[in-house]
Amino acid sequence: MSRNAPTGPILRANVARALVQVVIKNRTIDWILQERPEWVAEPLARELLYGTVRHYFTLRAGLDRQLEKPLRRKDSDIDCLLLVGAYQLAYTHVADHAVLNETVAACKPLRKPWARGLVNAVLRNWQKPDQTFDHPDWMISQLRAEYADDWQALLAANNDRAPMSLRVNTTRVDPADYLAVLILHTSARPGPVPSSIILDKPCASATLPGWQAGEIAVQDAGAQCAATLLLNSLEATTDLRVLDACAAPGGKLAHLAEEIAAHGGGHLVGLDHSTARIDVTRGILARLGHEIELITADAADASWWDGHLFTHILVDAPCSGTGTLRRHPDIKLLLNPAAIDDHVALQLAILENLWPMLAPGGSLLYCTCSLFEAENDGVVTTFLEALGKKGLQYGRAIEATGNNPSDDLDEHKEANVVPITLPTGRRTRHGWQLLPTDPRTDGFYYALLKKSADVPDTTS
Ligand SMILES: C[S@@+](CC[C@H](N)C(=O)[O-])C[C@H]1O[C@@H](n2cnc3c(N)ncnc32)[C@H](O)[C@@H]1O
């Protein structure tokens with residue numbers, strides 16, 4: 001702890017202020033980390049914020065039961081302070097008397113000394129309510145409808161903490177060699193895909209061996225399936241031109257660069273519509289030693305395109321993020337079900353805009369970190385139907401028959417769905433769904449589309 005680190009009451013007051021931003025102002029935890037980092041600079045402050053948000057629905061139910069009437073909106077800082085106190089009582093090993101003393105004392109830095117008695121009374125009488133699913137009702141219903149057999153396991157997994165996963169930068173070091181060095185520092189094991197390593201205990205990434213030298217990046221193991229899935233047909237390809245259309249902050253883009261280098265090189269373009277996120281990407285790529293053409297533009301619009309076809313396109317589409325609730329528990333509070341329709345519309349617009357940029361015989365990998373069918377198979381189905389409506393033949397979702405689908409491809413179709421098999425997760429109608437019920441991965445959806453080699457080039 002630094003010399004000027006906030007003491008217990010100030011730290012808790014800061015966490016309460018941060019929680020107000022999420023609960024009342026609908027801001028993300030990422031916004032707090034970026035705009036008010038001083039509120040959550042201490043590891044304990046981040047643990048209290050993430051934990052209270054993760055268990056918000058249970059804590060809210062318990063607090064509502066104890067308050068005679070809801071606190072006024074202008075006292076939402078006290079309301080949030082009570083939730084942070086209740087979180088510590090219910091879910092941490094902080095001694096009850098310390099929780100009580102420090103939380104009551106936090107009323108002073110919040111300039112609400114009148115609330116001391118209230119905070120003291122509520123926390124003294126605190127009783128943890130029966131465990132709820134800690135998700136909003138609409139999300140529980142949706143997941144229950146889509147995952148009839150294991151929705152409860154899925155909800156429980158969403159409330160767990162995600163492991164810290166690394167991707168080894170194979171342009172710098174071999175994964176097995178890196179792991180041999182790493183385990184001298186901390187306990188770790190290989191992840192489910194060859195480039196991945198999972199740490200038994202999270203730590204500050206900059207303290208890991210080889211971090212400054214760009215030997216590793218922090219990336220979920222499920223996310224590391226994208227590059228290999230997209231490039232699995234690489235041997236047959238000459239003049240490789242790869243587009244990552246929603247690239248920032250560059251995790252999958254950097255992995256693509258590493259896989260392309262392993263196959264002898266090619267041209268890689270990273271595109272994202274956010275200038276700020278492209279700037280972050282630039283910094284991340286520099287540490288890893290990758291020089292990649294970056295474009296700031298809208299992937300749903302073709303005005304940036306120079307007319308050169310791409311042999312491979314990755315669409316890691318903006319989505320609800322519901323596969324990443326372990327890392328982003330604030331999504332449970334902030335996501336509005338109506339937003340799913342907006343995501344679907346944008347996902348389709350991006351696919352329809354990029355498809356003509358794919359060379360005949362090329363591959364497009366559609367990917368989300370969503371658990372919802374609407375954003376996953378639903379989008380792929382609508383996209384294939386839209387190709388059909390435009391007067392083009394479109395691919396049928398061919399029967400999933402294994403890892404080598406080439407025998408099944410119908411070259412008379414504009415788009416064929418290529419079956420995917422990954423080491424964990426489950427097959428879906430068009431692709432593959434990774435689930436956080438395997439704690440090694442976040443929830444990701446992948447669908448691989450191959451363009452027929454016979455499709456005439458309509459771009460010129
Ligand atoms: C799921 S994130 C991509 C994560 C990234 N592929 C990685 O692995 O690090 C989705 C990205 O899409 C970008 N995005 C959203 N709408 C876009 C659009 N219309 N055109 C291009 N990029 C967009 C967002 O800025 C965000 O960076």
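What you are looking at is a predicted structure, and each value in this text was computed from that prediction instead of being measured.

Looking now at the overall build of the protein. Tallying secondary structure elements over the protein gives 16 helices and 13 strands in all. What you see for the protein is a C-alpha radius of gyration of 24 Å, in line with the 23 Å of a compact globule of 460 residues. Seen through its principal axes, the protein has C-alpha atoms that stretch 75 × 45 × 40 Å. In the protein, which comprises 460 residues, the proportion classed as buried is 54%. In the protein, once contacts between residues fewer than 6 apart in sequence are set aside, the share between residues at least 24 apart is 72%.

If you check which residues of helix 10 (residues 175-182) are buried, you get P175, Y178, L179 and L182. Each buried residue of helix 10 lies within a common arc of 100° when the element is viewed along its axis, so the set occupies one face. Against strand 1 (164-168), strand 2 (188-190), strand 3 (196-199) and strand 4 (216-218) lie the buried residues of helix 10. Its side-chain oxygen placed 3.0 Å from the backbone nitrogen of A176, D174 serves as the N-cap of helix 10.

This part covers the domain arrangement of the protein. Each assigned domain of the protein is listed with its residue range as follows: domain 1 (8-124), domain 2 (164-218) and domain 3 (222-451). On the side of domain 3, 15 residues touch domain 2, which itself brings 19 residues to the contact. A buried area of about 1,400 Å², summed over both sides, lies between domain 2 and domain 3, and 51% of it is on carbon and sulfur atoms. Considering only the surface of domain 2 that becomes buried against domain 3, R167, P192 and V193 emerge as the three largest contributors, covering 40% of it.

For helix 8 (residues 137-146), every residue scored as buried is listed here: M139, I140 and L143. Summarising the axial view, the buried residues of helix 8 lie within an arc of 100°, below the 170-degree limit, and thus occupy one face. Within helix 8, the exposed residues directed more than 90 degrees away from the buried face are D137 and A145. Its buried side turned inward, helix 8 meets helix 9 (151-158) and helix 14 (331-334).

Here we come to the packing of helix 3 (residues 43-54) against helix 5 (residues 76-91). Remark: helix 3 packs on helix 5, axes separated minimally by 9 Å, with the N-to-C direction vectors making an angle of 90°. Classified by the interaxial angle, the pair formed by helix 3 and helix 5 is roughly perpendicular. Listed contacts from helix 5 to E47, L48, G51 and T52 of helix 3 are L83, V84, Y87 and Q88. Classifying every residue of the contact of helix 3 with helix 5 gives four nonpolar, three polar and one charged.

About the thresholds
- Residues numbered from 1 in each chain as written.
- Predicted model: local features only at pLDDT ≥ 70, side-chain atom pairs only at ≥ 80, totals over all residues.
- Heavy atoms only, no water.
- Helix = DSSP H or I, 4+ residues; strand = E, 2+ residues; numbered from the N terminus.
- Rg over C-alpha atoms; globule rule 2.2 N^0.38 Å.
- Buried < 20%, exposed > 50% of the residue type's maximum accessible area, 1.4 Å probe, protein only.
- Contact = heavy atoms within 4.5 Å.
- Arc of directions from axis to C-beta.
- Polar contact = N/O pair within 3.5 Å; in protein donor to acceptor, adjacent residues only side chain to side chain.
- Domains from an automatic or database assignment.
- Buried area = accessible area lost by both parts, 1.4 Å probe.
- Axes fitted to C-alpha atoms, helices over the stretch in contact; angles between N-to-C directions.
- Parallel < 35°, antiparallel > 145°, perpendicular 65-115°, else oblique.
- Nonpolar A, V, L, I, M, F, W, Y, C, P; charged D, E, K, R; others polar.

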